[in-house]
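# A structural walkthrough
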Amino acid sequence: MHFTKKLLFLFIFFGWYTSYGQESNEKEVLSIFTFEEAEKLQQEKAKPILVFIYTDWCKICHGMKRTTFKNKKVISLLNEKFYFIQLNGEEKKDITFLGKTFRYKPTGTTTGSHQLANELGAINKTINYPTTTILNTKFEIDLQLSGFLNSKKMLTILTNYK
């Protein structure tokens with residue numbers, strides 16, 4: 001009987017521990033939206049939109065994805081205060097946003113960029129990767145930052161954004 005109580009206790013403890021661990025992991029997943037989804041959600045609940053503009057070949061972009069956007073505090077703030085969108089600057093698919101269709105535009109035989117990436121990420125008519133852009137609730141560009149943003153800098157931006 002004594003052994004059975006210990007075994008029961010262990011099952012309850014590990015069951016609680018496992019479900020608690022899963023619960024906290026679910027909260028740590030970054031919600032990523034499309035432009036269409038964010039535009040629709042904006043009508044239900046207005047939030048600024050943070051757009052992370054990257055390319056597949058950009059090592060700095062991959063570094064931000066692996067570090068900054070895996071930070072629990074960054075994830076929590078993004079999920080709570082923003083709609084987060086990742087935009088490949090060389091996306092080949094058309095994207096409709098705010099009633100306009102944006103397309104991929106070749107600039108050479110193997111290079112090109114997406115019109116929406118240029119629209120949201122170009123600073124002084126030049127786009128650098130990565131670029132982080134924040135659109136306010138009226139879909140106006142409030143902030144554009146090019147280059148790597150570590151977790152600390154991203155937390156400062158997210159925390160202080162109006």
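Residues numbered from 1 in each chain as written. Predicted model: local features only at pLDDT ≥ 70, side-chain atom pairs only at ≥ 80, totals over all residues. Heavy atoms only, no water.

## So, the overall build of the protein
To keep it simple, the criterion reads: Strands are runs of DSSP state E lasting at least two residues, helices are runs of H or I lasting at least four, and both sets are numbered from the N terminus onward. Residue exposure (1.4 Å probe, protein chains only): buried if accessible area is under 20% of the type maximum, exposed if over 50%, otherwise partly exposed. Any pair of residues with heavy atoms lying within 4.5 Å of one another is described as a contacting pair.
The number of helices and strands found in the protein is 6 helices and 8 strands. Ordered by position from N to C terminus, the α and β elements of the protein give α-α-β-α-α-β-β-β-β-β-α-β-β-α. Residue burial in the protein is summarised as follows: out of 162 residues, 35% are buried. Put simply, 63% of the contacts in the protein that link residues at least 6 apart link residues at least 24 apart.

## Some points on the packing of aromatic side chains
Rules: Working definition: a ring pair exists when centres of Phe, Tyr or Trp rings (six-membered ring for Trp) sit within 6.5 Å. Plane angles under 30 degrees give stacked, over 60 give edge-to-face, the rest tilted. Whether a charge sits over a ring depends on NZ of Lys or CZ of Arg being within 6 Å of the ring centre and within 35 degrees of the ring normal.
Within the structure shown, the criterion is met by 8 aromatic pairs. Judged by centre distance (4.9 Å) and plane angle (45 degrees), the ring pair of F69 and F84 falls under tilted. With F69 in the loop between helix 3 (59-66) and helix 4 (72-81) and F84 in strand 2 (residues 83-88), this residue pair connects regions lying 15 residues apart in the sequence. The rings of F52, Y54, F69 and F84 are connected pair by pair, giving a single aromatic cluster. K65 extends its terminal NZ or CZ atom over the ring of Y54, reaching a point 3.5 Å from the ring centre. Here the guanidinium or amino end of K92 rests over the ring plane of Y104, the centre of that ring lying 4.3 Å away.

## Concerning the side chain of N88
Applicable threshold: Residues adjacent in sequence count toward polar contacts only when both atoms are side-chain atoms; beyond that, a polar contact is any pair of N or O atoms within 3.5 Å, and within protein one must be able to donate a hydrogen and the other to accept it.
Checked against the element boundaries, N88 lands in strand 2. Exposure remark for N88: the relative accessible area of 10% places this residue in the buried category. A polar contact of 3.4 Å, which involves the side chain of N88, links it to the side chain of D56.

## With respect to helix 2 (residues 35-44)
Rule in force here: What the arc covers is the set of directions going from the helix axis to the C-beta atoms.
Looking only at helix 2, the buried set comprises F35, A38 and Q42. Each buried residue of helix 2 lies within a common arc of 60 degrees when the element is viewed along its axis, so the set occupies one face. Residues of helix 2 that are exposed and angled more than 90 degrees away from the buried face: K40, Q43 and E44. At its buried positions, helix 2 is contacted by strand 1 (49-54), strand 2, strand 3 (95-97) and helix 5 (115-121).

## Let's talk about the nonpolar core
As a reminder, the rule being used: Each nonpolar core is a collection of buried residues, namely Ala, Val, Leu, Ile, Met, Phe, Trp, Tyr and Cys, held together in the definition by side-chain atoms within 4.5 Å.
Residues F35, V51, F69 and L78 are the most contacted members of the largest nonpolar core, which totals 38 residues. At 6 residues, the largest contribution of residues to this core is made by strand 1. In contact with L78, not counting residues within four places along its chain, are L30, L50, F69, F84 and L158.

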